[in-house]
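Residues per chain, in single letters:
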Amino acid sequence: MAIVSSDSVVPDAEFDVLVIGAGGCGLAAAVAAHDAGDGVSVAVVEKAERLQGNTMLSSGSIPAAGTRMQRQAGLADSPADFVEDLQRIAGPHEMPALTARLAGISAELVEWLVDAAGVELTLVETYKHIGHRQYRLHSPPSRRGADLMDDLARALDARGIPLAFGNPAVELLAGPDGAVQGAITRTPDGVRTVIAARAVVLASNGFGANRPLLARFCPELAAAPYGGSTGSEGEAVVWGEALGASLANMGAYQAHASLADPHGSLVTWTVVEKGGVVVDAQGRRFGDESMGYSAFAALELDRAGPFYVVADTRVRDLTAAGQEEYAELVAHNGVLQADDAHALAARLGLPGDALADTLSAAAAAARGEAEDPHGRTHWGLGALQAPYTATRIGPALFHTQGGLRVDDDGRVLRADGSAVPGLYAGGGAAAGISGNQGSTGYMSGNGLLSALGLGYLAGRAAVRDMRAA
């Protein structure tokens, strides 16, 4: 049963705000709620035994427009420009107001993370991910989401906010008027805890690890590999529907075109943005790689693999110098090297003449000597040159981008537009801003902007609404 009457249970613990999920959204929501007013009690419950989730698996890059970091670097950017970029990539969808809201508070969010939450973030000026007209990604120096999470966890510790691992929420508590009033957790060994709360923030991620929900909302992914957090099991969707909440953008998701095969680690798309290309088992390119890793994954999902990202030693070394995870892939022989195209083809088991022709044509397009047949115009460092490198890759789903419909402050909404009292959502639990169908609407950083941005907004709104009641 997804919902239990609060009148039928006796609470074991009581808090002002209960956060369900200890990913980036949940930790940000907890810190924001705590700091929103003196004396506010906040607690976080998490199903996993340690910090994990899609924020942990990411590069920790948060897009923001108009930050002091950008100004210090002499860069001009604005929320209006950011919104235009987001809308251009996503196209029309069901949450346009949320796009404007998140872009509008993005600079405030990044500066709050640094100044109040103690998160170490720097402006990434070595590359612009596809879709962004300006350098606006703010990331831990390591480019690891795990470092962002560790910083947020330290912020919880410094504030004395309890975080209970291994305590999955299994049911929500609701009053006779439908107001959410807490949750019930149950440990794997059967210990049941009833937690009463004046507000509940759902930060339980999306439904990427729930095959029945994928079949219902994103049927093209029913058999696709999944590279995201195993905890993304869709509880928020189940609970929300039971409470009469509305869903939005349910067909959208973030895929990635370059999961290393068989290593399983992510091959950063920076390799492509610096000039790399993707070829199939015939040694041929089949699309414009500059459309981005999520959109390009749709092309891979539509055909048989394997696929290979091909670059050169210059691209490899520059990328490895700035991104530790890719450097580890290089160190563990996940990136092959060969002196020329035919030698590389032999190592990969591809037709030598076909790969040589492909790389020659791509180099001509990069030099401006010919039009690229796939329409690519951005070639990073320019034409690839021997010696070449390659990694076998495949497409995977990383996280869903649909979820509970929320307002500008993360309040969960019913179909009639009214709010479900006491219930807030963010990150993968809430509807995102990446369009409403497939992987083509995702722009780098959309997931973390929604996770941390809505966590920040929802935590503050929960306290504000609680005090106004």
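Not measured: the values here are computed from a predicted model.

Parameters at a glance
- Residues numbered from 1 in each chain as written.
- Predicted model: local features only at pLDDT ≥ 70, side-chain atom pairs only at ≥ 80, totals over all residues.
- Heavy atoms only, no water.
- Axes fitted to C-alpha atoms, helices over the stretch in contact; angles between N-to-C directions.
- Helix = DSSP H or I, 4+ residues; strand = E, 2+ residues; numbered from the N terminus.
- Parallel < 35°, antiparallel > 145°, perpendicular 65-115°, else oblique.
- Left-handed = near helix turned anticlockwise from the far one by under 90°.
- Contact = heavy atoms within 4.5 Å.
- Domains from an automatic or database assignment.
- Buried area = accessible area lost by both parts, 1.4 Å probe.
- Core = buried A, V, L, I, M, F, W, Y, C linked by side-chain atoms within 4.5 Å.
- Buried < 20%, exposed > 50% of the residue type's maximum accessible area, 1.4 Å probe, protein only.
- Pairing = 2+ DSSP bridges.
- 1 Å grid on protein atoms, 1.4 Å probe; cavity = no way out; pocket = protein on both sides within 12 Å on 5 of 7 lines; lining within 4 Å.
- Points joined across faces, edges and corners; volume = space filled by probe spheres on them.
- Nonpolar A, V, L, I, M, F, W, Y, C, P; charged D, E, K, R; others polar.
- UniProt positions renumbered as here; feature names shortened; annotations may be inferred.
- Salt bridge = Lys/Arg side-chain N within 4 Å of Asp/Glu carboxyl O.

> Mind showing me how you'd approach the packing of helix α13 (residues 341–348) against helix α14 (residues 352–366) here?
Helices that pack against each other are described as a pair by the angle of their axes relative to one another and the distance between those axes. At a minimum axis separation of 8 Å, α13 and α14 run at an interaxial angle of 130°. With respect to α14, the element α13 is oriented oblique. The hand of the α13/α14 crossing is right-handed. The residues of α14 that touch α13, namely those facing Ala341, His342, Leu344 and Ala345, are Gly352, Asp353, Leu355, Ala356 and Leu359.

> Looking at this structure, how should I read the domain arrangement of the chain?
In many reports, interface size means the accessible area that the parts give up when they come together. Annotation of the chain at the domain level lists domain 1 (3–249 + 401–468) and domain 2 (254–397). Each of domain 1 and domain 2 has a C-alpha centre, and these two points are 33 Å apart. Each partner contributes to the interface: domain 1 provides 22 residues, whereas domain 2 provides 23 residues. Taken together, the two surfaces of domain 1 and domain 2 that pack against each other cover about 1700 Å², and 57% of this comes from carbon and sulfur. Together, Ile130, Arg144 and Ser439 form the three largest contributors to the area buried by domain 1 at its contact with domain 2, with a combined 32%.

> Can you help me understand the nonpolar core in this one?
For soluble globular proteins, the rule of thumb is that nonpolar side chains tend to be buried together. In terms of nonpolar packing, the biggest core is built from 143 residues, with Val17, Ile20, Leu113, Leu172 and Leu202 touching the most fellow members. Tallying contributions element by element places helix α15 (residues 446–468) first for this core, with 12 residues. No fewer than three residues from each of domain 1 (3–249 + 401–468) and domain 2 (254–397) sit in this core. For Ile20, the contacting residues outside a window of four places in its chain are Val45, Ala169, Leu172, Ala183, Val200, Val201, Leu202, Ala203, Ser204 and Trp239.

> Would you mind going over the pairing of strand β2 (residues 13–20) with me for this structure?
A regular strand places its side chains so that they alternate between the two faces of the sheet. Here 7 bridges tie β2 to strand β10 (residues 192–202), and the two strands are oriented parallel to one another. Paired with Val19 across the bridge in β10 is Val201.

> Honestly, empty space enclosed by the protein in this entry has me stumped. Any pointers?
Here the idea is plain: a probe the size of a water molecule rolls over the atoms and shows the empty space left. Under the defined criterion, the tally for this structure stands at 3 cavities of 30 Å³ or more. Computed from the structure, the largest cavity encloses a volume of approximately 220 Å³. Taken together, the residues of the lining of the largest cavity break down into 9 nonpolar, 10 polar and 4 charged.

> Can you help me understand the pairing of strand β12 (residues 251–260) in this one?
With 10 of 10 residues buried, β12 is to be regarded as a mostly interior element. As paired strands, β12 and strand β20 (residues 437–438) are joined by 2 bridges and run parallel to one another. For Gly251, the partnering residue across the bridge sits in β20 and is Gln437. As defined by bridge partners, β12 adjoins strand β16 (residues 388–400) across 6 bridges and the pair is classed as antiparallel. Paired with Gln254 across the strands is His399, a residue of β16.

> Even after reading the chapter, I still don't get the side chain of Thr313, so can you show me in this structure?
For Thr313, the position within the fold is in helix α11 (residues 313–322). In this structure Thr313 touches Gln337, Pro387 and Thr389, once residues within four positions along its chain are discounted.

> Where do I start with the UniProt feature "domain: FAD-dependent oxidoreductase 2 FAD-binding" (unreviewed entry) in the chain in this structure?
Following the UniProt record, the feature "domain: FAD-dependent oxidoreductase 2 FAD-binding" (unreviewed entry) maps to residues 16–437 here. In residues 16–437, helix accounts for 32% and strand for 22%; the two terminal C-alpha atoms are 37 Å from one another.

> It is not clear to me how the pattern of salt bridges should be interpreted in this structure. Could you clarify?
When the charged atoms of two side chains with opposite charge come close together, those side chains can pair. Under the definition given, this model contains 30 salt bridges. Its salt-bridge partner being Arg159, residue Asp35 comes within 2.8 Å of it at the nearest N-O pair. In this pair, Asp35 sits in helix α1 (residues 24–35) while Arg159 sits in helix α6 (residues 145–159), placing the two residues 124 residues apart along the sequence. Using a relative accessible area of 36% as the deciding quantity, one classes Asp35 as partly exposed. A residue is classified by how much of its surface remains accessible, and Arg159, at 21% relative accessible area, is partly exposed. The closest approach of N and O atoms between Arg411 and Asp407, which form a salt bridge, is 3.0 Å. Using a relative accessible area of 17% as the deciding quantity, one classes Arg411 as buried. Residues participating in the shared-partner salt-bridge network are Asp77, Asp81, Glu84, Asp85, Arg88, Arg133 and Arg136.

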